[in-house]
Amino acid sequence: MTLDTYKQNPRKTLTAICCIILGTLSGIFTYIFFLFFNIAIFGWNLGLIFAPLIAGYVETYLALRWLNESIGAISAFILFIVTVIYGFIIANPTLGMNFITLGSVLVIVQAAVPTLINYILLVVILGIISYFLGIFKKITDYVYYSLRKFYFHKIKKEALPIKISKNTFINDYKNCIRLNNRGFYFITTNNPVNGKIDKYLGPYVGSSAFQRRMKMVSADFKKEEKEMLNKLKIAKFEALNNLADMVKKDGGNGVIDLKIEYELVDMGRGRYQVIAHGTAVVIKKE
Amino acid sequence: MLLSSTNTLENEKIIEYKGIVTGESLIGANVYKDLFSGVRDVVGGRTSKYEEEIEKARRIAVQSMEEKAEKLGANGIIGVSISYDNLGGTMGNTILVSAYGTAIHFE
């Protein structure tokens, strides 16, 4: 029934007002009862919860009986205002400003305006938490991965193709070509390919270190991983270039038995080191 | 693309050196997978999800290395090395899978 219907029907309006008044009175009596007997937990009077609840219950019960419909538990909201004004401003008999009080205020508000508070609790707060933890993204990623896996395994009967995020490797390709175009032999085997070792210069080490950006709360693990991977790749090329620079400076033109190592330098602080080491040589092309 | 961890290729003639090629992938700190792996560690048994992830990471690293070799005009990679390094992280198990080798062209 709309507000206009109540305006057109004064009898119904009066009945509704009676319901609200009776609901409010029962709530006030409940609050007095709890205050009189000091029914409290941790100094916090339970009447602050039960008074609005009883008020709303009585009002709704009467409205359903007399009007065959609910009128919105207005008395619960009135009781909320009454209890807060009395409890906080006039008497302040049980409430002190502490963590429990703040929690209780939230519960009272929840009793008075449940839709708004439930929205704040469920949508806003949970939304913020889930955003930072990335829960929904993880769930959708998992569902997508499972469906894709099912499609390829059960329907197409073939292995799941690997998806590589191209933007992670953009610099990597350029760096790889640049590295191999600098007129220096980076050889992972013991012998040069199509060449002859003219002179051994000894072991050489090139290194590069970087610090990982530490976060208290991570919004996106995947993004962090990509950042980390890109930093590792950049550090690897720096280490290889440093090694080549040192060898070139001493008259060499290549490194054989080249090895690349990735290490965590100090546990817990996010410092990493990439080392490229091998035997520096002078290679003559055959 | 022929991959070999050896220094040479038997019965094949290496014509040209193309350069060093590398590929990496990272298995990050996924809280939920880590939690379940932790449970399995206590009760025993194989952490199949983890095995799957590591296998996937290895394939990505090798594929990335192969793609670079192809771009350099190579048809083989010798002296291939694949390593798994624990890099710490939030849950203490960010694993880097790296693969590298010497790109070559052989007949």
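Here the structure is a predicted model, which is why all the values come from computation and not from measurement.

A short note on the overall build of chain B
Thinking step 1. Within chain B, the secondary structure is distributed over 2 helices and 4 strands.
Thinking step 2. Beginning at the N terminus, the succession of helices and strands in chain B can be written as β-β-α-α-β-β.
Thinking step 3. Among the 107 residues that make up chain B, the fraction classed as buried is 37%.
Thinking step 4. Counted over contacts in chain B with a minimum sequence separation of 6, partners at least 24 positions apart contribute 81%.

Things to note about the overall build of chain A
Thinking step 1. A count of helical and extended segments in chain A gives 9 helices and 6 strands.
Thinking step 2. The buried share of chain A, reckoned over its 286 residues, is 28%.
Thinking step 3. Relative to all contacts within chain A whose residues are 6 or more apart in sequence, the contacts with residues 24 or more apart total 73%.

Focus on the packing of helix α2 (residues 10–36) of chain A against helix α3 (residues 47–66) of chain A
All names here are of chain A.
Thinking step 1. Packing of α2 against α3 leaves a shortest axis separation of 7 Å and a crossing angle of 155°. With respect to their mutual orientation, α2 and α3 come out roughly antiparallel. Crossing of α2 over α3 shows right-handed handedness.
Thinking step 2. Class assignment of the residues belonging to the contact of α2 with α3 gives a composition of 16 nonpolar, 8 polar and 1 charged.

So, α2 of chain A
Thinking step 1. When the terminal C-alpha atoms of α2 of chain A are compared, their 38 Å separation across 27 residues agrees well with the 39 Å that a helix rising 1.5 Å per residue should span.
Thinking step 2. Downstream of α2 of chain A by one or two residues, N38 of chain A has phi in the positive range, about 45°.

Some points on the sheet that holds strand β6 (residues 271–285) of chain A
Thinking step 1. Read across the sheet, 4 strands follow the order β3-β5-β6-β4 (chain A) without closing on themselves; strand pairing throughout is mixed. Whereas interior strands pair on both sides, the edge strands pair on one side only; in this sheet they are β3 (185–186) and β4 (195–211) of chain A.

Side note on the pairing of strand β2 (residues 14–27) of chain B
All names here are of chain B.
Thinking step 1. Of all 14 residues that make up β2, 11 are buried, and the element is covered over most of its length.
Thinking step 2. Relative to strand β4 (residues 95–106), β2 is paired through 12 bridges, and the arrangement is antiparallel. The partner of L26 across the bridge, within β4, is L96.

Describing the nonpolar core
Thinking step 1. Counting residues in hydrophobic clusters, the biggest one holds 49 residues, and the most contacted among them are F186, L243 and V255 of chain A together with V21 and M65 of chain B.
Thinking step 2. Sorting the residues of this core by element identifies β3, α9 (221–249), β5 (254–266) and β6 of chain A together with β2, α2 (48–71), β3 (76–86) and β4 of chain B as the ones contributing at least two each.
Thinking step 3. Sort the elements by how many residues they give to this core and α9 of chain A lands first, with 9 residues.
Thinking step 4. Contact partners of V255 of chain A, with chain neighbours within four places excluded, come to Y185, F186, I187, Y204, L243, V247, G278, T279 and A280 of chain A.

Overview of the interface of chain A and chain B
Thinking step 1. Taken together, the contacts link 30 residues of chain A with 33 residues of chain B.
Thinking step 2. Among the elements of the structure, α8 (170–180), β3, α9 and β5 of chain A are those that each provide at least two residues to the side of chain A that touches chain B.
Thinking step 3. No other element matches α9 of chain A, which puts 8 residues into the side of chain A that touches chain B.
Thinking step 4. Of the residues belonging to the side of chain A that touches chain B, the class tally is 20 nonpolar, 6 polar and 4 charged.

Focus on the sheet that holds β3 of chain B
Residues and elements named next belong to chain B.
Thinking step 1. On the basis of which strands lie adjacent, the open sheet formed by 4 strands has the order β1-β3-β4-β2 and mixed pairing. Each edge of the sheet is formed by a strand with only one pairing partner; in this case those strands are β1 (2–3) and β2.
Thinking step 2. Judged from the 9 bridges that link them, β3 and β4 form a sheet pairing that is antiparallel. Opposite I77, over in β4, you have A103 as the bridge partner.

What to know about the confidence of the model for chain A
Thinking step 1. Residues of chain A with pLDDT of at least 70 account for 81%, and the chain-wide mean is 80.
Thinking step 2. When pLDDT is averaged over each element of chain A, β3 of chain A comes out on top at 92 and helix α1 (residues 3–8) of chain A at the bottom at 65.

Comments concerning the confidence of the model for chain B
Thinking step 1. Of all residues in chain B, 75% attain a pLDDT of 70 or more, and the chain-wide mean is 79.
Thinking step 2. Of the two predicted TM-score estimates for the complex, the pTM is 0.57 and the ipTM is 0.82.

Observations regarding α3 of chain A
Residue and element names in this part refer to chain A.
Thinking step 1. For α3, which comprises 20 residues, the first-to-last C-alpha distance of 27 Å matches the rise-based estimate of 28 Å (1.5 Å per residue) to within 8%.
Thinking step 2. G47, L48, A51, P52, I54, A55, G56, V58, E59, L62 and A63 are the residues of α3 that are buried.
Thinking step 3. The positive-phi residue at the C-terminal boundary of α3 is N68, with phi of around 60°.

Describing unusual backbone geometry
Thinking step 1. Positive phi is not limited to glycine here, since N38 of chain A has a value of about 45°.
Thinking step 2. N38 of chain A sits in the exposed class, given 12 other C-beta atoms within 10 Å.
Thinking step 3. Even without being glycine, N11 of chain B reaches a positive phi, approximately 60°.
Thinking step 4. Of note, N11 of chain B is situated in the loop between β1 and β2.

Some remarks on the pairing of β6 of chain A
All names here are of chain A.
Thinking step 1. In this sheet, β6 lies alongside β4 in antiparallel orientation, the contact comprising 15 bridges. Bridging across to β6, Y200 finds its partner in V281.
Thinking step 2. For β5 and β6, the ladder comprises 10 bridges, and the chain directions are antiparallel. Within β6, the residue paired with D266 across the bridge is R271.

Cut-offs applied
- Every chain begins its residue count from 1, and numbering advances along the sequence as written.
- Written order decides the labels, with chains lettered from A and ligands numbered from 1.
- Local features in this predicted model are restricted to residues whose pLDDT is 70 or higher, and side-chain atom pairs enter the listing and the counts only when it is 80 or higher, whereas totals over whole chains, interfaces and linings include all residues.
- Runs of H or I in DSSP of at least four residues are treated as helices and runs of E of at least two as strands, each being numbered from the N terminus.
- Exposure classes come from backbone-placed C-beta atoms, where a residue is buried if 20 or more other C-beta atoms lie within 10 Å of its own, exposed if 12 or fewer do, and partly exposed in between.
- In this description, any two residues whose backbone-derived C-beta atoms lie within 7 Å of each other are considered to be in contact.
- Here, axes are lines fitted to C-alpha atoms. For helices the fit covers the stretch in contact, and angles between N-to-C directions go from 0 to 180 degrees.
- Angles below 35 degrees are treated as roughly parallel, those above 145 as roughly antiparallel, those between 65 and 115 as roughly perpendicular, and all remaining angles as oblique.
- For a crossing to be left-handed, the near helix must be turned anticlockwise from the far one by less than a right angle; the clockwise case is right-handed.
- We call Asp, Glu, Lys and Arg charged. Ala, Val, Leu, Ile, Met, Phe, Trp, Tyr, Cys and Pro are nonpolar, and the rest, Gly among them, are polar.
- An expected span of 1.5 Å times one less than the residue number is assigned to each helix.
- Think of it this way: DSSP has to see at least two bridges between two strands before they count as a pair.
- Core membership is restricted to buried Ala, Val, Leu, Ile, Met, Phe, Trp, Tyr and Cys residues, and these are joined into a nonpolar core through C-beta atoms within 7 Å.
- On a range of 0 to 100, pLDDT expresses the predictor's confidence in each residue.

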